Amino acid sequence: MARVRYTTTLDEDLLHIAKHKASLLEGSYGANEIIEQALRFYFRNASVTVWEKSINTKDDNKDKHFQKLILRSNRLILETVQDRTIIKEYDKEAVSPKSLKNGGWSKVWDISKLMTY
């Protein structure tokens with residue numbers, strides 16, 4: 001893809017975050033690459049819509065069972081979720097990649113795998 005010069009103003013905090021992210025990567029990446037990848041990610045997912053539908057019975061607790069429908073341009077994903085629990089305070093070590101793998105979990109999605117630096 002051809003590169004073109006484009007001048008704009010950008011929120012200073014976003015620029016600092018992009019520069020910091022670039023500094024963490026191996027190689028000579030700059031904030032521009034981070035911003036370009038963020039735009040690619042945005043446009044790749046801009047047409048994705050997610051719908052949810054409660055499948056509770058009258059004996060169920062409030063909104064814990066539901067179906068999730070994810071519509072993408074090239075596929076449809078239907079998930080049935082039996083329980084959604086949100087935990088705000090938790091042990092970060094208990095959910096480290098090593099602990100999760102040891103517990104039988106498999107990573108199925110990671111934004112960093114989508115970003116090709």
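None of these values were measured; they are calculated from a predicted model. Per chain, the residues get numbers from 1 upward, laid out in the order the sequence is written. Reporting of local features is limited, given that this is a predicted model, to residues whose pLDDT is at least 70; pairs of side-chain atoms are given and counted only at 80 or more, and all residues count toward the totals for whole chains, interfaces and linings. Note that water and hydrogens are dropped before the side-chain values are worked out from all heavy atoms of the structure.

Undergrad: Tell me about the sheet that holds strand 2 (residues 66-71), and name the residues and values.
TA: Strands sit in the order 1-2-3 across an open sheet of three strands; the sheet is antiparallel. The open sheet has two edge strands with one neighbour each: strand 1 (49-54) and strand 3 (76-81). Mean inter-strand twist for the sheet, computed between neighbouring axes without regard to direction, equals 15°. Strand pairing requires that DSSP identify at least two bridges connecting the strands. Put simply, DSSP marks the helices as runs of H or I at least four residues long and the strands as runs of E at least two long, and each gets a number from the N terminus on. Where strand 1 lies against strand 2, six bridges are found, and the strand directions are antiparallel. Opposite Lys53, over in strand 2, you have Gln67 as the bridge partner. Lines fitted to the C-alpha atoms define the axes, with helices restricted to the stretch that makes contact. Angles between their N-to-C directions range from 0 to 180 degrees.

Undergrad: Give a description of the pattern of salt bridges that names residues and reports values.
TA: Any Lys or Arg side-chain nitrogen found within 4 Å of a carboxyl oxygen on Asp or Glu counts as a salt bridge. Tallied over the full model, the rule gives three salt bridges. Among the ionic pairs, Arg3 bridges to Glu36, the shortest N-O distance being 2.8 Å. Of the two residues, Arg3 sits in the segment before helix 1 (12-24) while Glu36 sits in helix 2 (residues 31-45), which places them 33 residues apart along the sequence. Buried, partly exposed and exposed residues are distinguished by accessible area as a fraction of the type maximum, computed with a 1.4 Å probe on protein chains only: under 20%, between the cut-offs, and over 50%, respectively. The exposure class of Glu36 is partly exposed, given its relative accessible area of 25%. With its nearest N and O atoms 2.6 Å apart, the salt bridge here joins Arg84 to Glu52. With Arg84 in the loop between strand 3 and helix 3 (97-102) and Glu52 in strand 1, the pair connects residues that are 32 residues apart, well separated along the chain. Residues joined in a network through salt bridges with shared partners are Arg3, Glu36 and Arg40.

Undergrad: Could you give an account of the environment of Arg44, naming the residues involved and the relevant values?
TA: Secondary-structure assignment places Arg44 in helix 2. Residue Arg44 is classed as partly exposed on the basis of its relative accessible area, which comes to 42%. Separated by 29 residues in sequence, Arg44 and Ser73 place their C-alpha atoms 9.4 Å apart.

Undergrad: Could you give me a rundown of helix 1, with the residues and numbers involved?
TA: In an α-helix there are 3.6 residues to a turn, and that puts residues three or four apart on one side. With 13 residues, helix 1 should reach 18 Å at 1.5 Å per residue; the first-to-last C-alpha distance of 19 Å fits that figure. Counting of polar contacts relies on pairs of N or O atoms within 3.5 Å, with two restrictions inside protein: one atom must be capable of donating a hydrogen and the other of accepting it, and residues adjacent in sequence are counted only when both atoms are side-chain atoms. One side-chain oxygen of the residue at the start of helix 1 lies 2.9 Å from the amide nitrogen of Asp13, identifying that residue as Asp11. Under the convention used throughout, the expected extent of a helix is 1.5 Å for every residue step, that is, one less than its residue count.

Undergrad: If you had to explain the layout of surface pockets to someone new, which residues and values would you point to?
TA: Taken as a whole, the largest pocket encloses approximately 760 Å³ of empty space. Here a cavity is any set of points on a 1 Å grid over the protein atoms alone where a 1.4 Å probe fits but cannot get out, and a pocket is any open set with protein on both sides within 12 Å along at least 5 of 7 lines; a residue lines the site when it has an atom within 4 Å of a point. Taken together, 17 residues form the lining of the largest pocket, with Val4, Tyr6, Asn32, Ile35 and Glu36 sitting closest to its centre. Tallying contributions element by element places helix 2 first for the lining of the largest pocket, with six residues. Think of it as three bins: nonpolar holds Ala, Val, Leu, Ile, Met, Phe, Trp, Tyr, Cys and Pro, charged holds Asp, Glu, Lys and Arg, and polar takes everything else, Gly as well. Considered class by class, the residues forming the lining of the largest pocket number nine nonpolar, four polar and four charged. Grid points are joined across faces, edges and corners, and a volume is the space filled by probe spheres set on the points.

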